[in-house]
Amino acid sequence: MEEVKQQVISLPRLGEPAPAFETATTHGVLKLEDFKGSWLVLFSHPADFTPVCTTEFIAFAEIYPELQKRGVELLGLSVDSTSSHIAWVRNVEEKTGVKIPFPIIADLNKEVSMAYGMIHPGQSKTETVRCVFIIDSNQIIRTVLYYPLTTGRNMDEILRIIDALQTTDEHKVATPANWRPGDMVVVPPPSTQEMAEERVKQKEYECIDWYLCKKKL
Amino acid sequence: MACISPDGKPTESGTKMLRALKSRLGSAEEIAKDAGLPLFRVRSGLRELTQAGLANQKGDKYEISDKGAELIG
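What you are looking at is a predicted structure, and each value in this text was computed from that prediction instead of being measured.

1. Describing the overall build of chain A
For chain A, the count of helices and strands is five helices and 10 strands. Seen through its principal axes, chain A has C-alpha atoms that stretch 65 × 60 × 30 Å. Scored against the burial criterion, the 217 residues of chain A give a buried share of 47%. If you take every contact in chain A between residues at least 6 apart in sequence, the share linking residues at least 24 apart comes to 65%. As displayed, chain A offers around 11700 Å² of accessible surface, 51% of which is attributable to carbon and sulfur atoms.

Written as structure tokens, this is what we have:
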């Protein structure tokens, strides 16, 4: 009888510490802990010198100043070599004028890719899919996004998520659907009947009912 | 290596860090501010400079070594 082996790949989950790594990048050997104190967007792409990835790298470079304003660093990853990454970013700059200012992991041995569940065999057995891990300044995973090989990422959404997470952390609130900075935020729902009765009387809140109240920041 | 070239000379970022270290004993955060480099680059760079004997670590602070000072003149 043929033995069927199924490889179970564990994926890092929200609220858990980001898996540690020490790896070669285009900016030298970096450890995850080097980013402690900053937020980090760790993202993977399938391969260098490919069309969708090139558009994404240009787009990531374009939002880099906005990310820095928010205390966020960027770190790319693919299973290509450092030499390939260097050749690609130089080519991008030569052809488009866009300098790639952030490091890229050369994950030839797939150690980081496997630790972060970036290889999805149903999409490709050899390349990483388009993952985004938003890691906070305490190195806790706060958001995980996966995109298929054929779909380039939306930079506005990545910035919006970071704004929402940082607003939640600062003000202890939640953010409603399609929230943008400046919009009203959701007040955490009351946990007792007494609090619910008090909540609907509070004039600073705009309430649909006791469990859905919004306020301005 | 990001801070030291294969010929053993410090790169531009390595030189910035060594210059910052020359003026004072500093933490990675202080060196990043003085050198105008991202903190993650400085943490990684200080590891390299220390391993190469161009900087010395004293607790959570760093200082330039005699060899490092000689290299940047």
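From this point, things continue past the structure.
2. Observations regarding helix α1 (residues 51-69) of chain A
Residue and element names in this part refer to chain A. Taking 1.5 Å of rise per residue, the 19 residues of α1 would be expected to cover 27 Å, and the 29 Å separating its terminal C-alpha atoms lies within 8% of that figure. Remark: the principal bend of α1, roughly 40 degrees, maps to isoleucine 63, with a proline, proline 65, within the next four residues. Those residues of α1 that fall on the buried side of the exposure criterion are Cys53, Thr54, Glu56, Phe57, Ile58, Ala59, Phe60, Ala61, Ile63, Tyr64 and Leu67. Close packing links the buried residues of α1 with β3 (39-44), β4 (72-78), α2 (82-96), β5 (104-106), β6 (130-135) and α4 (155-171). Residue glycine 71 follows α1 closely and has a positive phi angle near 75 degrees.

3. Quick look at the layout of surface pockets
Remark: the empty space left among the atoms is shown by a probe the size of a water molecule rolled over them. For the largest pocket, the calculated volume is near 700 Å³. In terms of lining residues, the largest pocket is bounded by 23 residues, among which Thr26(A), His27(A), Lys99(A), Ile100(A) and Arg41(B) are the most central. Those elements that provide at least two residues to the lining of the largest pocket are α1 and α2 of chain A together with α1 (12-23) and α3 (39-51) of chain B. Per-element accounting of the lining of the largest pocket gives the leading share, four residues, to α2(A). Of the volumes computed, that of the second largest pocket is approximately 160 Å³. Every residue lining the second largest pocket is listed: Glu33(A), Asp34(A), Ala28(B), Glu29(B), Arg43(B), Leu46(B), Arg47(B), Gln57(B), Asp60(B) and Tyr62(B). Going through the elements one at a time, α2 (28-35) and α3 of chain B are the ones with two or more residues in the lining of the second largest pocket. Of the residues forming the lining of the second largest pocket, the biggest block, three residues, is contributed by α3(B). Classifying every residue of the lining of the second largest pocket gives three nonpolar, one polar and six charged.

4. Structural notes on the state of the cysteines
All names here are of chain A. A full pass over the atoms with the stated rule returns one disulfide over all chains. Residue pairing for cysteine 207: its cysteine sulfur links by disulfide to cysteine 213, the two sulfurs lying 2.0 Å apart. Its torsion about the S-S bond being 110 degrees, the disulfide of cysteine 207 and cysteine 213 is classed as right-handed. Its relative accessible area of 29% is what places cysteine 207 among the partly exposed residues. With no disulfide partner, cysteine 131 has as its closest neighbouring cysteine sulfur the one in cysteine 53, 12 Å distant.

5. As for the pairing of strand β3 (residues 61-64) of chain B
All names here are of chain B. The alternating pattern of β3 places Tyr62 and Ile64 on a buried face and Lys61 and Glu63 on a face that is not buried. Two strands pair when backbone bridges link them, and strand β1 (residues 26-27) and β3 are joined in this way by two bridges, in the antiparallel orientation. In the strand pairing of β3, glycine 26 is matched with tyrosine 62.

Parameters and conventions
Residues numbered from 1 in each chain as written. Chains lettered and ligands numbered in written order. Predicted model: local features only at pLDDT ≥ 70, side-chain atom pairs only at ≥ 80, totals over all residues. Heavy atoms only, no water. Helix = DSSP H or I, 4+ residues; strand = E, 2+ residues; numbered from the N terminus. Buried < 20%, exposed > 50% of the residue type's maximum accessible area, 1.4 Å probe, protein only. Contact = heavy atoms within 4.5 Å. Areas by Shrake-Rupley, 256 points an atom, 1.4 Å probe, with all protein chains shown as cover. Expected span 1.5 Å × (residues − 1). Bend = angle between axes of the 7 residues up to and from the residue. 1 Å grid on protein atoms, 1.4 Å probe; cavity = no way out; pocket = protein on both sides within 12 Å on 5 of 7 lines; lining within 4 Å. Points joined across faces, edges and corners; volume = space filled by probe spheres on them. Nonpolar A, V, L, I, M, F, W, Y, C, P; charged D, E, K, R; others polar. Disulfide = S-S within 2.5 Å. Pairing = 2+ DSSP bridges.

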